[in-house]
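Results of the structural survey
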Amino acid sequence: MTATPVLALRGISKRFGAVQALTDVELEVHAGEVVALVGDNGAGKSTLVKTIAGVGPADDGVIEWRGEQVRVERPHDAQALGIATVYQDLALCDNIDVVGNLFLGREITRAGILDEVEMERRSRELLETLSIRIPSVRIPIASLSGGQRQTVAIARSMLGEPGLVILDEPTAALGVEQTAQVLDLVERLRERGLAVVLISHNMADVKAVADRVAVLRLGRNNGTFDVATTSQEDIISAITGATDNAVTRRKARTSDAEDQK
Amino acid sequence: MTTDLNTPADEPEPRDHAATTAAEADAGTGTTGTTGSTGTTSGTASATTEATHSATETASAAATGAAQPGSSAARPIKGAPVAPGAVAAIDPRLLVRERGFKGYLQEFGRKLRGGELGSVPVVVGLAIIWAVFQWKDSAFLSPKNLSDLSIYIVGTGMISVGIVLVLLLGEIDLSVGSVSGLAAAILAVLYVNEGMSEWLAILIALSAGAAAGALHGFFFARIGVPAFVVTLAGLLAWNGLMLQVLGTTGTINLDRDSFIVYLTSHYFVYIAVAYGVAGLAVASFLAAQLLDARRRQAAGVPSRPLSEILVRTAVLAVLAFAVAWRLNEYKGLPLALLIFLVVLIAYDVLLRRTRFGRKVFAVGGGVEAARRAGINVTLVRITVFAISGLMASVGGLFIASRIAAANQGAGTGNLLMEAIAAAVIGGTSLFGGRGSVWSALLGMLVIGSIASGMALLGIEASVQYMITGGVLLAAVVIDSVSRRTQRSAGRG
Ligand SMILES: Nc1ncnc2c1ncn2[C@@H]1O[C@H](COP(=O)(O)OP(=O)(O)OP(=O)(O)O)[C@@H](O)[C@H]1O
Ligand SMILES: [Mg+2]
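Residues numbered from 1 in each chain as written. Chains lettered and ligands numbered in written order. Predicted model: local features only at pLDDT ≥ 70, side-chain atom pairs only at ≥ 80, totals over all residues. Heavy atoms only, no water.

- Under an unreviewed UniProt entry, chain B has the name Xylose transport system permease protein XylH and belongs to Streptomyces zagrosensis.
- The record in UniProt for chain B states the following under Function (unreviewed entry): "Part of the binding-protein-dependent transport system for D-xylose. Probably responsible for the translocation of the substrate across the membrane."
- The Subcellular location (unreviewed entry) comment attached to chain B in UniProt states, word for word, "Cell membrane". (UniProt positions renumbered as here; feature names shortened; annotations may be inferred.)

- Per an unreviewed UniProt entry, the recorded name for chain A is D-xylose transport system ATP-binding protein, and the organism is Streptomyces zagrosensis.

1. Some thoughts on the overall build of chain B
- The number of helices and strands found in chain B is 17 helices and 4 strands.
- For chain B, the proportion of its 492 residues judged to be buried stands at 55%.
- In chain B, once contacts between residues fewer than 6 apart in sequence are set aside, the share between residues at least 24 apart is 81%.
- For chain B, the exposed area adds up to about 19,900 Å²; of that, 67% sits on carbon and sulfur atoms. (Helix = DSSP H or I, 4+ residues; strand = E, 2+ residues; numbered from the N terminus. Buried < 20%, exposed > 50% of the residue type's maximum accessible area, 1.4 Å probe, protein only. Contact = heavy atoms within 4.5 Å. Areas by Shrake-Rupley, 256 points an atom, 1.4 Å probe, with all protein chains shown as cover.)

2. Description of the overall build of chain A
- Helix and strand counts for chain A come out as 9 helices and 12 strands.
- For 261 residues, the compact-globule formula gives about 18 Å, and the C-alpha radius of gyration of chain A, at 20 Å, lands near that figure.
- Its C-alpha atoms put chain A at 70 × 50 × 40 Å along the principal axes.
- Looking at chain A residue by residue over its 261 residues, the buried ones come to 57%.
- Within chain A, contacts between residues at least 6 apart in sequence are counted, and of these 63% link residues at least 24 apart. (Rg over C-alpha atoms; globule rule 2.2 N^0.38 Å.)

3. Let's talk about the site of ligand 1
Residues and elements named next belong to chain A.
- Around ligand 1, the structure places 14 residues, and the nearest of them are Gly 42, Lys 45, Ser 46, Thr 47 and His 201.
- Between ligand 1 and Gly 44, the relevant distance is 2.9 Å, taken from an oxygen atom to a main-chain nitrogen or oxygen of the residue.
- Contact with the protein chains removes 61% of the 630 Å² of surface that ligand 1 exposes when unbound.
- Looking at the shell around ligand 1, the elements that each hand over two or more residues are β2 (19-29) and α1 (45-53).
- A breakdown of the residues in the shell around ligand 1 according to their chemical character gives 4 nonpolar, 7 polar and 3 charged. (Near = heavy atom within 4 Å. Polar contact = N/O pair within 3.5 Å; in protein donor to acceptor, adjacent residues only side chain to side chain. Nonpolar A, V, L, I, M, F, W, Y, C, P; charged D, E, K, R; others polar.)

4. Quick notes on a negative patch on the surface
- A grouping of Asp24(A), Glu26(A), Asp59(A) and Asp60(A) is seen on the molecular surface, where their side chains present a negatively charged patch.
- Structurally, Asp59(A) can be placed in the loop between α1 and β4 (60-65). (Patch = residues over 30% accessible without salt bridge, like charges linked within 9 Å, V, L, I, M, F, W, Y side chains within 5 Å. Salt bridge = Lys/Arg side-chain N within 4 Å of Asp/Glu carboxyl O. Lys, Arg positive; Asp, Glu negative; His and termini not counted. Charge placed at Lys NZ, Arg CZ, Asp CG, Glu CD.)

5. Things to note about the sheet that holds strand β6 (residues 83-86) of chain A
All names here are of chain A.
- Spatially, 6 strands are ordered β6-β9-β10-β3-β11-β12 in an open sheet, and the strand pairing comes out mixed. Sheet topology places β6 and β12 (220-226) at the edges, where each strand pairs with a single neighbour. Here the strands of the sheet are splayed against their neighbours by 15° on average, with no regard to which way each runs.
- Direction of pairing for strand β11 (residues 212-217) relative to β12: antiparallel, over a ladder of 5 bridges. (Pairing = 2+ DSSP bridges. Axes fitted to C-alpha atoms, helices over the stretch in contact; angles between N-to-C directions.)

6. With respect to the sheet that holds β2(A)
All names here are of chain A.
- Here we have 4 strands laid out as an open sheet, ordered β2-β1-β4-β5, and antiparallel in their pairing. Two strands bound the open sheet, and with one partner strand each, they are β2 and β5 (68-70). Looking at each pair of strands side by side, their axes are set apart by 30° on average, direction ignored.
- For β4 and β5, the ladder comprises 3 bridges, and the chain directions are antiparallel. Among the inter-strand pairings, Trp 65 is bridged to a residue of β5, identified as Glu 68.
- Each of β1 (7-16), β2 and β4 is contacted by α1, which is oriented at about 115° to β1, the strand it contacts most.

7. Considering the pairing of β4(A)
All names here are of chain A.
- Bridging between β1 and β4 involves 5 bridges; their strand directions are antiparallel. From the neighbouring strand, Leu 9 faces β4, where its bridge partner is Ile 63.
- Between β4 and β5, which follow one another and run antiparallel, lie 2 residues, and Arg 66 among them has a positive phi close to 50°.

8. Things to note about the packing of aromatic side chains
- Across all of its chains, the model carries 8 aromatic pairs over all chains by this definition.
- Measuring from ring centre to ring centre gives 6.3 Å for Tyr275(B) and Phe321(B), while their planes differ by 20°; the resulting arrangement is stacked. Placement of the pair is Tyr275(B) in helix α9 (residues 271-299) and Phe321(B) in helix α10 (residues 306-329), with a sequence separation of 46 residues.
- Of the aromatic side chains, those joined through ring pairs into one cluster are Trp130(B), Phe133(B) and Phe140(B).
- The ring of Tyr87(A) carries Arg372(B) above its face, with NZ or CZ at 4.1 Å from the centroid. (Phe/Tyr/Trp six-rings, centres within 6.5 Å; stacked < 30°, edge-to-face > 60°. Lys NZ or Arg CZ within 6 Å of the ring centre and 35° of its normal.)

9. Thoughts on the domain arrangement of chain A
Residues and elements named next belong to chain A.
- As far as domains go, chain A holds domain 1 (7-82 + 162-259) and domain 2 (92-160).
- For domain 1 and domain 2, the distance between their C-alpha centroids amounts to 27 Å.
- Contacts between domain 1 and domain 2 engage 14 residues on the former and 11 residues on the latter.
- A buried area of about 1,000 Å², summed over both sides, lies between domain 1 and domain 2, and 62% of it is on carbon and sulfur atoms.
- Counting the surface domain 1 buries against domain 2, the share from its top three residues, Pro 162, Gln 181 and Leu 185, is 36%.
- The tally of links from domain 1 across to domain 2 stands at 0 salt bridges.
- At the surface where domain 1 touches domain 2, the tally comes to 0 residue pairs in polar contact (both at pLDDT 80 or more).
- When contributions to the side of domain 1 that touches domain 2 are tallied by element, the ones reaching two or more residues are β9 (164-168) and α6 (176-191).
- Top contributing element to the side of domain 1 that touches domain 2 by residue count: α6, with 7 residues.
- Of the residues in the side of domain 1 that touches domain 2, the class split is 9 nonpolar, 2 polar and 3 charged. (Domains from an automatic or database assignment. Buried area = accessible area lost by both parts, 1.4 Å probe.)

10. Side note on the packing of helix α15 (residues 415-425) of chain B against helix α16 (residues 438-457) of chain B
Residue and element names in this part refer to chain B.
- Put simply, α15 and α16 touch, their axes get as near as 7 Å, and they point 115° apart. By the criterion of interaxial angle, the relationship of α15 to α16 is roughly perpendicular. The handedness of the crossing between α15 and α16 comes out as right-handed. Between α15, through Glu 418, Ala 421, Ala 422, Ala 423 and Ile 425, and α16, the contact on the second element is made entirely by Ser 439, Ala 440, Gly 443, Met 444, Val 446 and Ile 447.
- Residues belonging to the contact of α15 with α16 are distributed by class as follows: 8 nonpolar, 2 polar and 1 charged. (Parallel < 35°, antiparallel > 145°, perpendicular 65-115°, else oblique. Left-handed = near helix turned anticlockwise from the far one by under 90°.)

11. Some points on helix α6 (residues 198-223) of chain B
Residue and element names in this part refer to chain B.
- Taking 1.5 Å of rise per residue, the 26 residues of α6 would be expected to cover 38 Å, and the 36 Å separating its terminal C-alpha atoms lies within 8% of that figure.
- Among the residues making up α6, those that are buried are Glu 198, Ala 201, Ile 202, Ala 205, Gly 209, Ala 212, Gly 213, His 216, Gly 217, Phe 220 and Ala 221.
- Where α6 terminates, the next one or two residues include Gly 224, which has phi positive at roughly 95°. (Expected span 1.5 Å × (residues − 1).)

12. Some details on the confidence of the model for chain B
Residues and elements named next belong to chain B.
- Looking at chain B, the pLDDT average stands at 80 and 76% of residues meet or exceed 70.
- The model gives residues 1-90 a pLDDT under 50, and that stretch makes 220 contacts with residues more than four places away or in other chains.
- For this predicted complex, the interface confidence comes out at an ipTM of 0.83, alongside a pTM of 0.81. (pLDDT = per-residue confidence, 0-100.)

13. Some points on the environment of Leu327(B)
- Within the secondary structure, Leu327(B) is located in helix α10.
- Those residues in contact with Leu327(B) that lie beyond four places of it in its chain are Ser147(B), Ser150(B), Gly332(B), Leu333(B), Pro334(B) and Leu337(B).

14. Here's the deal with the packing of helix α4 (residues 143-168) of chain B against α15(B)
Residues and elements named next belong to chain B.
- Where α4 meets α15, the closest approach of the two axes is 8 Å, and the angle between their N-to-C directions is 65°. As α4 packs across α15, the resulting crossing turns out to be right-handed. For the pair α4 and α15, contact is made by Tyr 152, Thr 156, Ile 159, Ser 160, Ile 163, Val 164 and Leu 167 and by Leu 415, Glu 418, Ala 419, Ile 420, Ala 422, Ala 423 and Val 424, respectively.
- Along the lines of polarity and charge, the residues of the contact of α4 with α15 split into 11 nonpolar, 2 polar and 1 charged.

What follows is the structure, encoded as structure tokens:
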């Protein structure tokens, strides 16, 4: 990967009152690459995503977009650059229907009037392409299940022809088939040459689709690994911060028990 | 989500939901989606009152998967790259709406049970109120009384339109009464005392109202002061400013042949005008609905069946021509009512069919979600408060026009409460994100009818206030209960 990265973060820091949530975080994502961002609960993954998406701008540090330094202070800035984000805490309007939510902030208009027909047609097309199953595109978001909302939120990120898609734990609330579909989707995005940042606690998912894994620990970088050449144990120890951790101890214990049988 | 996986086993023929057109539905085979007002109703005066705010498909438990043997005519959308292994996106549990008028009634009943009451309570209430007053005094539904009522509601109704927008954001504007009084005072002083041109005076009065509203919006949206407090301060301050503007005179009379008085005193005496307006409204409503259905069919998305369009148009036609007939029995169509209806239609289009309206609903439904969608929440809020101020001053001018004067009492008393009550009684939710400008009309009809009926019966104002208070409480109770029902019906 010698080309300029689509997105590069340099020295990002962010604090909330007494909590230093991020300290000097670096991250690079290239076109056609899936970077998994992993870390334990509270490691700062969502906070990092929000600095990129303009929802919670960083206190310090530089964001470079295709090699140029940019300022992302509002969600609008990120959208204008081509950064689409699916948040962990969902960002859909309950009182607006599926079509309205998909196109929220980028409605199609004809002579200043919303073109509901075109939006509905495209919504159906999009949901169908992504094999997303919801009862109707005209019911309010409030009447969808958590997983269905998640798929709508993911579908929404695909609408604006983004250059970078950030998915914050997209599969956490999904069923077996939907999870597989989201992973398929991530791969399709990569094939289309987009950059993808995928946050997940599921190592199997990460190993399945990611090219590189960036580990955050207590708000700091704790290594970047090539998925093809790194073992799951190494990644886990980077996440927990030690080779001797709860996961390895548990493993040792269970294998000891098996040996004794 | 896992449990509803639609395996090919329980769905023998993968159907393409998008391609299922109304034609197929009419043939009794499939799934017609009807969309509610958000989707298909065009900007025309949908005075038909079942303005439901959430779009919904479906109604009867019949005709699910198994009941559609004939729908083999699945036509995939051209050019839609379907993912490998994609099954048509239809949920077998989805209740399908039955065709024709019966399906329409069934869907209506289902919505009611689900708590999507919309304007149903207020229409029922209005019918009861009219029946009771007509029974007590036959002069109530007389052409003169109805004509007077239609002019009476305009002033406060205009103010209420602004309140509806503020309520949609989930906020409140307590300053509208004072702002309306201030606008009337500015107009009277500039036009009568200073001898300024009437048009310029009107323009300045309206701008002052909008500016006052924008100022409230700024303090609320930018500084973060609760809207309740900002507009409470406005209520006091603008009332003080009005008294100062009026000065020692107290009351300034507007001359009888000024444009401002003409606003509420002019009637289109030719009966052709009222009937013509009614006919035009009905025709454009029908045309818009048919055009929309055509476009939808062409695009392969569900559209309203013809029968439903005809029923809606018929209801509108009966209403429109009945009103026109009653008004023509007296002096004809009042100019003020015509202006009010045009304003209502304009705001209805603004709210439901433009980007701005969508933003208002989004902010009312979830501020953070709206912000993340790239909506400038601050700007939307300031704009809505400015509109509220503008409509307050428009209302103030209509009220001044009706009494042909600006006085120290303008904008005080229960004007504010009436404007807010009208919006809520008309069915706009106090909780934000749900409502329509037509509630200003419906709510004002209720309040105005009570006032005028009580006056006819010679009942004192004290009783009238208590009754209006009771109606408001009932409306809020209905709002709260229906919100709870909607939550449990998954439509919250
Ligand atoms: N709005 C906020 N105000 C104060 N502190 C916050 C806020 N948001 C996050 N934090 C703190 O920042 C740290 C990182 O939180 P973040 O949500 O980014 O974690 P995460 O890595 O996404 O965790 P998870 O895997 O549980 O989603 C936590 O210590 C959290 O308490
Ligand atoms: Mg998180």
